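Listed here are the chains, written in short residue letters.
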Amino acid sequence: MNAIHGTMRSLILAIQFLTRLPTPQVEDYSKQELSSTSPWFPVVGIIVGLFVTTWITISTFIDPWLGALFGLIAWTWVTGALHLDGLADLTDALGAAHRDPQRFLQVMRDPHIGTFGVVALTITPISKLVLLYVLIAHHQLNWFVLPLVCAWSRLGAVTWSAWLPSLHQGSGESFAWKTNNTLIIISALILLAVCALMAPSLCVAPLVLALWWAFLRYRVGGMTGDCLGAGIEVSEIGLLLITVSAPVIIRAWTSM
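Procedures and definitions
Residues numbered from 1 in each chain as written. Predicted model: local features only at pLDDT ≥ 70, side-chain atom pairs only at ≥ 80, totals over all residues. Heavy atoms only, no water. Helix = DSSP H or I, 4+ residues; strand = E, 2+ residues; numbered from the N terminus. Rg over C-alpha atoms; globule rule 2.2 N^0.38 Å. Buried < 20%, exposed > 50% of the residue type's maximum accessible area, 1.4 Å probe, protein only. Areas by Shrake-Rupley, 256 points an atom, 1.4 Å probe, with all protein chains shown as cover. Lys, Arg positive; Asp, Glu negative; His and termini not counted. Charge placed at Lys NZ, Arg CZ, Asp CG, Glu CD. Axes fitted to C-alpha atoms, helices over the stretch in contact; angles between N-to-C directions. Left-handed = near helix turned anticlockwise from the far one by under 90°. Contact = heavy atoms within 4.5 Å. Nonpolar A, V, L, I, M, F, W, Y, C, P; charged D, E, K, R; others polar. Expected span 1.5 Å × (residues − 1). Arc of directions from axis to C-beta. Polar contact = N/O pair within 3.5 Å; in protein donor to acceptor, adjacent residues only side chain to side chain. Phe/Tyr/Trp six-rings, centres within 6.5 Å; stacked < 30°, edge-to-face > 60°. Lys NZ or Arg CZ within 6 Å of the ring centre and 35° of its normal.

S.K.: So, the overall build of the protein: which residues are in play, and what are the values?
M.R.: Across its full length, the protein carries 12 helices and zero strands. Listing the helices and strands of the protein from first to last along the sequence gives α-α-α-α-α-α-α-α-α-α-α-α. The C-alpha atoms of the protein give a radius of gyration of 18 Å, which matches the 18 Å a tight globule of 256 residues would have. Along the first, second and third principal axes, the C-alpha set of the protein runs to 55 × 50 × 35 Å. Each of the 256 residues in the protein was classed as buried or not, and the buried ones make up 44%. By element, 69% of the accessible surface of the protein is carried by carbon and sulfur atoms, the whole surface being about 12,900 Å². When the 12 positive and 13 negative side-chain charges of the protein are each reduced to one mean point, those points stand 7 Å apart.

S.K.: Any details on the packing of helix H8 (residues 145-163) against helix H12 (residues 225-254)? Residues and values, ideally.
M.R.: Each pair of packed helices gets described by two things: the angle between the helix axes and the distance between those axes. Packing of H8 against H12 brings their axes to within 9 Å, and their N-to-C directions diverge by 145°. The chirality of how H8 crosses H12 is right-handed. In this structure, H8 uses Val145, Leu146, Val149, Cys150, Trp152, Ser153, Arg154, Ala157, Trp160 and Ser161 to contact H12, whose residues at the interface are Leu228, Gly231, Ile232, Ser235, Glu236, Leu239, Leu240 and Thr243. Its residues placed into classes, the contact of H8 with H12 shows 11 nonpolar, five polar and two charged.

S.K.: How would you explain helix H11 (residues 205-220) if you had to name every residue and give the values?
M.R.: Between the first and last C-alpha of H11 there are 22 Å, a value that for 16 residues agrees with the 22 Å anticipated at 1.5 Å per step. Taken together, the buried residues of H11 touch helix H5 (82-97), helix H6 (101-109), H8 and H12. Immediately downstream of H11, the backbone of Gly221 shows phi near 100°, a positive value.

S.K.: Provide a residue-level description of unusual backbone geometry, including the pertinent values.
M.R.: The phi torsion at Ala81 lies on the positive side, around 55°, for a residue other than glycine. Of note, Ala81 is situated in the loop between helix H4 (64-79) and H5. We classify Ala81 as partly exposed; its relative accessible area is 28%. A positive phi is found at His139, a non-glycine position, where the angle reads about 55°. Examined against the element boundaries, His139 turns out to sit in the loop between helix H7 (115-137) and H8. What makes His139 exposed here is its relative accessible area of 74%.

S.K.: Pulling in residues and values, what's your account of H4?
M.R.: For H4, which comprises 16 residues, the first-to-last C-alpha distance of 23 Å matches the rise-based estimate of 22 Å (1.5 Å per residue) to within 8%. Restricting attention to buried positions, one finds in H4 the residues Gly67, Ala68, Gly71, Leu72, Ala74, Trp75, Val78 and Thr79. Mapping the buried residues of H4 onto a view down its axis gives an arc of 165°, with all of them on the same face. Where H4 begins, the side chain of Asp63 points an oxygen toward the backbone nitrogen of Trp65, at a separation of 2.9 Å. Trailing H4 by a residue or two, Gly80 shows a phi angle of about 65°, which is positive.

S.K.: How would you sum up the packing of aromatic side chains? Please name residues and give values.
M.R.: The full count for this structure, using the stated rule, is seven aromatic pairs. Among the aromatic residues, those joined into a ring-pair cluster are Trp160, Trp212 and Phe215. The ring of Trp75 has Lys128 lying over it, and the distance from NZ or CZ to the ring centre is 4.0 Å.

As structure tokens, this is what we get:
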């Protein structure tokens, strides 16, 4: 019973940390306990994807654009714009630091949003809105696509935190303490197997995650919590773009 209680508590903590979904509130937890929830991140991604897909399915009966809009609103609400905030901080830091590591961290910790952050906060929702519409209009959206996209991106956050040096003490570093490389590999293999059956184009997801890892490693020099959040947003857009582009690429390839 204690093991089951501990497992459920860990899952609830992960949902509580990554989403705004109503859960029994767990308040008396330590930073170390929160960091041990990282194996549940892909599961939370599946929950997020199912939540967004439900809203899209309901509203698409009226109009595809309305479905895309409600999907975007649901996506933003359920995550509390947590990852968008990280993306804004990272783009501000990259734009203003001029490759000065100290300046980079200083700008990233600044609570104000600059021009680069505003641009990122504008482009990202527009990109998701358009990509969701294309998925709906081309009948490519099913109950597996968004859950898999969200699961992969959150597995990416766990992977980047484990396989990159931390630039400063924070949430990114704390999650790396409890990350198990074996669980990362097992989670990736499970997601690959599901993708092979349900959404083959998403089998390239490990490459997308690896590209963000390489960007953080060689351009930024490591990771922070903001870098992880930004990576979730970027990988979600990348995987959506791959999903909508795959049929066109396949048709062009087979017609050659």
